[in-house]
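Close look at the chain arrangement
Residue-level listing of the chains:
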Amino acid sequence: MAITILAPTPAAPVPTRRLSSEEGDSDLDSDGDISMSRPTKRRRTIITPGEIVTDDPQWMRGHGTFVSGEDTSIRSTLAGTLQKTNKLLSIVPLRARYMPEIGDLVVGRIVEVQSRRWKVDVAAPLLASLPLSSINLPGGILRKRTSVDELNIRTFFSEGDLVVAEVQSIFQDGGASLHTRSLKYGKLRNGYFMAVSGMGGGAGVVRAKRQIFTFQTTRGGEVDVVLGVNGYIWIAKHIEPETAGKDFSITRLEEQASGTMYSSQNDEIEVGTRREISRIAGCIAALVEAGVKVEENMVRRAYEASLDADAEMQEHSGEYLGGAKGRRVVELALGMG
Amino acid sequence: MPLDTSSYALAHLRLDGRRWNELRRLHAQTSTQAAADGSSYLEMGNTKVICTVAGPAESRKGGGGGGNAEAKIEVEIGIAGFSGVERKRRGKGDKRTSEMRHTIASAFSANLFAHLYPHSTITVNLHVLSQDGSLLAACLNATTLALIDAGIPMSDYIVACTAGSTASYASNDEDADPLLDLNGLEEQELPFLTVGTLGAGEKVSVLIMETRMQMTRLEAMLAAGVDGCRQIRSILDGVVRAHGKAVLDSAIS
């Protein structure tokens, strides 16, 4: 009896959930460049862990590489693309957890209250710490923190509060130390929190000049958007501060920091504003789903595209921007500008 | 019994038509769950495993375990009741499950660059949807892919596969062949071991054997297993590269 061996049936094809790419501008890379310019899209090849990057001893190894014991070749520890900066080789991972850098604007949630500081979750490997001496006291008073402040520490921030802060310094083990010593930082209220994950070569929030900006929405008044570099995003109703109209100078900080800055009470938010907040949240979620970097310009374009997409649809499908409508919004947003 | 068939006697073909050194169909996807830091889905024949990785994140008992200079790796395995031939609910405290968890955790502790994330914990969650042999090997492979997807630095892939011997079938020692990648029926009857290597070389990082066998056959089985791991590594590498290329092609910078 003859035995026939049939070839195995192939596995089901992986559904691609990303948009087809457009021919965007590509920066040209020249070796030996000091700035962190990326190579052209065509030349970017993936390097996987354990792969030998180079044998040449003239290169120094940077993040994402290691030298294996036997030979002096530099091998990669991550899956990502190669980045050459002068004589330094490093690997930019495709996706990585947020690593705090000094000067980053982050949105975080208080998870622990200790005697003289708070521990804040900023989607990093370690909890960030916010010392009591790094916050503005209500009323703008500039004085040394006393034990009475330590006893009243929960009146400032308690567990579960959301705070926008800046990374002041990094500890030896990589944990961040935050501060809110500016009127644009502090406790967040009147809004909606969302978290987008993924950094590196894929989607995510990029570091930009302006992380906090305001929308003039069509039907809902003004809406503030805070894009934390760590992927935490806050969309809120814009409340005009009492200092509007007066000039701002460093010597009058104490008069301008309001007494209600640590209040946990939300103000009244109208239905129209809530709809616009959820529309903006849907735009950002659609951008992340499509692998587009989230920053002010793209969010504004996506918002206008969502209004256009609404006009295109025959029936009014509300503010929900998932699935097919979300993809259409991102297509329109990439097409304009 | 799995080798008593006429096809083996005539043509040395196993129950599913494979020869002694052929792997089962290996299908892997990475980054399957957007919500997790890293995720993967792996099928080795009919053994199907989902893996998700969370972290590095601050460990819950921060003060107690605060003296660690490197990240801790915790593994959780959930074996579905419908995964085997008979429905069977396995508790988390099962001895075999805890041994698998410990093996996976110690294999990766030695391989990951954990000193870059002190005081934190990397949590690996494995869900077994279907078991048909090579369960520990599939778990190790799925964990490797998920850790690479999470961007946690490691020195090389840890790839694993099973190797067995036809020893119980052949009464004559010289006729005993090593077999690669046993399925469920073969694992029940034949002696086998799970070998995990670090990369494509010959560095063995995991070696588990639970059945009894003669010492003389061990070398041949190990050689077959290490060779199978080399093949698996190139397949997994292809999966990671294809996914990375798809991400880069669609990313708008």
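Summarised in this report is the structure supplied together with it. (Residues numbered from 1 in each chain as written. Chains lettered and ligands numbered in written order. Predicted model: local features only at pLDDT ≥ 70, side-chain atom pairs only at ≥ 80, totals over all residues. Heavy atoms only, no water.)

Description of the overall build of chain B
Assigned secondary structure in chain B consists of 5 helices and 9 strands. Reading chain B from its N terminus to its C terminus gives the helix and strand order α-β-β-β-β-α-β-α-β-β-α-β-β-α. In terms of overall size, chain B behaves like a compact globule, its C-alpha atoms giving a radius of gyration of 19 Å where 253 residues would be expected to give roughly 18 Å. Taking the principal axes of its C-alpha atoms as reference, chain B extends roughly 60 × 45 × 35 Å. For chain B, the proportion of its 253 residues judged to be buried stands at 53%. Across chain B, contacts joining residues at least 24 apart in sequence account for 69% of those joining residues at least 6 apart. Total accessible area on chain B is roughly 11200 Å²; 52% of this is exposed by carbon and sulfur atoms. Charged side chains in chain B number 24 positive and 29 negative. The centres of these two groups are separated by 6 Å. (Helix = DSSP H or I, 4+ residues; strand = E, 2+ residues; numbered from the N terminus. Rg over C-alpha atoms; globule rule 2.2 N^0.38 Å. Buried < 20%, exposed > 50% of the residue type's maximum accessible area, 1.4 Å probe, protein only. Contact = heavy atoms within 4.5 Å. Areas by Shrake-Rupley, 256 points an atom, 1.4 Å probe, with all protein chains shown as cover. Lys, Arg positive; Asp, Glu negative; His and termini not counted. Charge placed at Lys NZ, Arg CZ, Asp CG, Glu CD.)

Re the pairing of strand E5 (residues 80-85) of chain A
Residues and elements named next belong to chain A. Here E5 runs beside strand E6 (residues 88-93); their pairing, made up of 6 bridges, is antiparallel. Among the inter-strand pairings, Thr81 is bridged to a residue of E6, identified as Val92. Counted between consecutive antiparallel strands, the loop separating E5 from E6 contains 2 residues, among which Asn86 sits at a positive phi close to 55°. (Pairing = 2+ DSSP bridges.)

With respect to the pattern of salt bridges
Throughout the structure, instances matching the rule amount to 24 salt bridges over all chains. Glu51 of chain A is the salt-bridge partner of Arg241 of chain B, the closest N and O atoms lying 2.6 Å from each other. With Arg241 of chain B in helix H5 (residues 218-250) and Glu51 of chain A in the segment before strand E1 (52-54), this residue pair bridges two chains. For Arg279 of chain A, the salt bridge identified is with Glu276 of chain A, shortest N-O distance 4.0 Å. Pair noted here: Arg279 of chain A and Glu276 of chain A are both in helix H4 (residues 271-289), with a separation of 3 residues, about one helical turn. (Salt bridge = Lys/Arg side-chain N within 4 Å of Asp/Glu carboxyl O.)

Some points on the sheet that holds strand E3 (residues 65-67) of chain A
Residues and elements named next belong to chain A. Sheet architecture is open: 3 strands sit in the order E1-E4-E3, paired in antiparallel fashion. Of all strands in the sheet, those bounded by a partner on one side alone are E1 and E3. Between one strand axis and the next, the sheet turns through 45° on average, direction left out of account. Judged from the 2 bridges that link them, E1 and strand E4 (residues 74-76) form a sheet pairing that is antiparallel. The partner of Thr54 across the bridge, within E4, is Ile74. (Axes fitted to C-alpha atoms, helices over the stretch in contact; angles between N-to-C directions.)

Remarks on the interface of chain A and chain B
The partner chain B presents 44 residues to the 42 residues of chain A that form the contact. Summed over both sides, the interface between chain A and chain B buries roughly 3500 Å², with carbon and sulfur atoms accounting for 58% of that surface. Considering only the side of chain A, the residues that lose the most area to chain B are Pro49, Arg95 and Arg97 of chain A, jointly responsible for 18% of the buried surface there. Counting across the chain A and chain B interface gives 3 salt bridges. Across the side of chain A that touches chain B, the residue classes tally to 20 nonpolar, 11 polar and 11 charged. (Buried area = accessible area lost by both parts, 1.4 Å probe. Nonpolar A, V, L, I, M, F, W, Y, C, P; charged D, E, K, R; others polar.)

Some points on the packing of aromatic side chains
Residue and element names in this part refer to chain A. A full pass over the atoms with the stated rule returns 7 aromatic pairs over all chains. Considering the side-chain rings of Phe156 and Tyr262, the 5.5 Å spacing of their centres and the 65° angle between planes classify their relative orientation as edge-to-face. Here Phe156 is found in helix H2 (residues 153-156), whereas its partner Tyr262 is found in the loop between helix H3 (253-256) and H4, with 106 residues between them in sequence. Like Tyr262, Phe156 is buried. Ring centres of Phe213 and Phe215 lie 5.9 Å apart, and the angle between their planes is 55°; on these two criteria the pair is classed as tilted. With relative accessibility at 3%, the residue Phe215 sits in the buried group. (Phe/Tyr/Trp six-rings, centres within 6.5 Å; stacked < 30°, edge-to-face > 60°.)

Focus on the side chain of Arg145 of chain A
Residues and elements named next belong to chain A. Relative to the assigned elements, Arg145 resides in the loop between strand E9 (128-131) and helix H1 (147-151). Of the side chains with opposite charge, Asp149 comes closest to the buried, unpaired Arg145, at an N-O distance of 5.4 Å. One polar contact links the side chain of Arg145 to the main-chain carbonyl oxygen of Leu132, over a distance of 3.3 Å. Polar side-chain contacts of Arg145 include one of 2.4 Å to the backbone oxygen of Ile135. (Polar contact = N/O pair within 3.5 Å; in protein donor to acceptor, adjacent residues only side chain to side chain.)

Brief notes about the nonpolar core
Leu42, Val53, Ile104, Leu126, Leu140 and Leu236 of chain B are the most contacted members of the largest nonpolar core, which totals 58 residues. Here the element with the most residues in this core is helix H3 (residues 135-149) of chain B; it accounts for 11 residues. Counting 33 residues, the second-largest nonpolar core is a separate cluster that includes Ala281, Val288, Val330 and Leu334 of chain A. (Core = buried A, V, L, I, M, F, W, Y, C linked by side-chain atoms within 4.5 Å.)

Considerations on the packing of H3 of chain B against H5 of chain B
Residues and elements named next belong to chain B. Relative orientation of the contacting elements H3 and H5 amounts to 30°, with a least axis distance of 11 Å. Here H3 lies roughly parallel to H5, going by the angle between them. In this structure, H3 meets H5 at a crossing whose hand is right-handed. Contact residues: Asn141, Leu145, Ile148 and Asp149 in H3; Ile232, Leu236, Val240 and His243 in H5. Per-class residue counts for the contact of H3 with H5 are 5 nonpolar, 2 polar and 1 charged. (Parallel < 35°, antiparallel > 145°, perpendicular 65-115°, else oblique. Left-handed = near helix turned anticlockwise from the far one by under 90°.)

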